[in-house]
Amino acid sequence: MWWKCRSATSGEKPDALEESEMIHLDRYPREITLRNGARLVFRPMVREDVDRLWEFFQRIPPEDKMFFRQDVGRKEVVQRWADTLDYGVVLPILALEGDRVVGDATLHRQQAGWKQRVGVVRVQVAPDYRHLGLGTAMIRELRHLGGKAALRYLMAEIIEEQGAAVRAFEKMGFERAAVYRSFVNDQKGRMHNLVVLLYPMSPTADDMYF
């Protein structure tokens, strides 16, 4: 399967993308084993995942959801994501224990413009699966996908109070590029510092030439 510019169900191979920018998804479903022996499956989100993904977000602690960009307490928000799936713009990778979603990692891309070689990554893990290596495995998965998409950088934007998330990305080689003071607000309108972390991908031959 190709990582498509259009919807995940279009069945078309986009002509506009160079082959180096497309990702084969035939590695999925992919099984991983956590430190406690639990076996999970990684695979891309599909439209039929609406209910299980919404249930996953309901298990996230309120103090974490306070920093979400959208109100995932409203099921229509998750439904809209499913209805507009486009792997070329946002590629969501789910971690599943059976039919239960226990982790969600997304790679966001711009198909044109000056940031088309930068991928924005986001990771969320269910409370009972934290500190077991799942977050690390999902960050590693996003790095792999970023490499297959010929990206030059991966970028993570994290509220400074989310120290565990910042440390997890730093452990995987992301470096702090900037801290913006009182830059973003939570869902109650309170202002917070934003930490921007970057991960430089391996340079391509063209990069070396220039």
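Every value quoted in this text rests on a predicted model; they were computed, and no experiment measured them.

Visitor: Explain the pattern of salt bridges here, please?
Guide: Pairing is possible between side chains that carry opposite charge, provided their charged atoms lie close to one another. In the structure shown here, the tally under the stated rule is 14 salt bridges. Where D49 meets R52, a salt bridge forms, and the shortest distance between an N and an O atom there is 2.6 Å. Overall, the relative accessible area of 0% leaves D49 in the buried class. Residue D128 is joined to R100 by a salt bridge in which the shortest nitrogen-to-oxygen separation is 2.7 Å. Taken together, the residues D128 in the loop between β5 (118-125) and α4 (134-148) and R100 in strand β4 (residues 100-108) connect sequence positions 28 residues apart.

Visitor: What is the right way to read unusual backbone geometry from this model?
Guide: Glycine aside, residues mostly have negative phi angles, and peptide bonds mostly take the trans form. A cis geometry characterises the amide bond from Y28 onward to P29, with omega recorded as 0 degrees. Mapped onto the secondary structure, P29 falls in the segment before β1 (30-33). Even without being glycine, H131 reaches a positive phi, approximately 65 degrees. Among the structural elements, H131 can be located in the loop between β5 and α4. Its identity is not glycine, yet A150 carries a phi of approximately 60 degrees, on the positive side.

Visitor: Help me understand the sheet that holds β1, please; the structure alone is not making it clear to me.
Guide: One key point about sheets: their strands pair by backbone hydrogen bonds, in either a parallel or an antiparallel sense. Ordered in space as β1-β2-β3-β4-β5-β6-β8-β7, the 8 strands form an open sheet in which the pairing is mixed. Of all the strands in the sheet, just β1 and β7 (175-185) have a single pairing partner and so form its edges. This sheet shows a mean twist of 25 degrees between the axes of neighbouring strands, independent of strand direction. Pairing geometry for β5 and strand β6 (residues 153-159), over 3 bridges, is parallel. Within the sheet, the bridge partner assigned to V118 lies in β6 and is Y153.

Visitor: Looking at this structure, how should I read the packing of helix α1 (residues 50-58) against helix α3 (residues 75-83)?
Guide: Packed helix pairs are specified by the crossing angle of their axes together with the interaxial distance, meaning the distance between the axes. Look at α1 against α3: their axes get within 9 Å of each other, and the N-to-C directions meet at 135 degrees. In terms of orientation, α1 lies oblique with respect to α3. Crossing of α1 over α3 shows right-handed handedness. Taken together, the residues of α3 that come into contact with α1 (itself represented by V50, D51, L53, W54 and F57) are K75, V78, Q79, W81 and A82. By residue class, the composition of the contact of α1 with α3 is 7 nonpolar, 1 polar and 2 charged.

Visitor: So what exactly am I meant to see when it comes to helix α5 (residues 163-171) here?
Guide: Three- or four-residue spacings in an α-helix give side chains the same orientation, since the helix completes a turn every 3.6 residues. Among the residues of α5, those classed as buried are G163, V166 and F169. Here the buried residues of α5 occupy an arc of 130 degrees about the axis, which is enough to place them on one side. For α5, the exposed residues lying more than 90 degrees away from the buried face are R167 and K171. Each element contacted by the buried residues of α5 is listed here: β5, α4, β6, β7 and β8 (191-200). Directly after α5, the chain includes G173, whose backbone phi takes a positive value near 100 degrees.

Definitions and limits used
- Counting of residues starts from 1 at the beginning of each chain's written sequence and follows it residue by residue.
- Side-chain atom pairs in this predicted model are given and counted only at pLDDT of 80 or more, local residue features only at pLDDT of at least 70, and totals for whole chains, interfaces and linings cover all residues.
- With hydrogens and water excluded, all non-hydrogen atoms of the structure serve as input to the side-chain values.
- Throughout this description, the term salt bridge denotes a Lys or Arg side-chain nitrogen within 4 Å of a carboxyl oxygen of Asp or Glu.
- Here the term buried applies to any residue with accessible area under 20% of the maximum for its type, exposed to any over 50%, and partly exposed to those in between, with areas from a 1.4 Å probe on protein chains only.
- In DSSP terms, a helix is any run of H or I states spanning at least four residues, a strand is any run of E spanning at least two, and both are numbered starting from the N terminus.
- Strands were regarded as paired on the criterion that DSSP finds at least two bridges between them.
- An axis is simply a line fitted to the C-alpha atoms; with a helix, the fit covers only the stretch in contact. Between two such axes, the angle follows the N-to-C directions and lies from 0 to 180 degrees.
- Convention used here: angles under 35 degrees read as roughly parallel, angles over 145 as roughly antiparallel, angles from 65 to 115 as roughly perpendicular, and any remaining angle as oblique.
- It is the rotation of the near helix from the far one that decides the hand of a crossing: anticlockwise by less than a right angle makes it left-handed, clockwise makes it right-handed.
- Whether two residues touch is decided by their heavy atoms; if any such pair falls within 4.5 Å, the residues are in contact.
- Three classes are used, and their members are as follows: Ala, Val, Leu, Ile, Met, Phe, Trp, Tyr, Cys and Pro are nonpolar, Asp, Glu, Lys and Arg are charged, and the others, Gly among them, are polar.
- Summarising the geometry, the arc corresponds to the directions from the helix axis toward the C-beta atoms.

Scope: geometric values only; no functional claims are made or implied.
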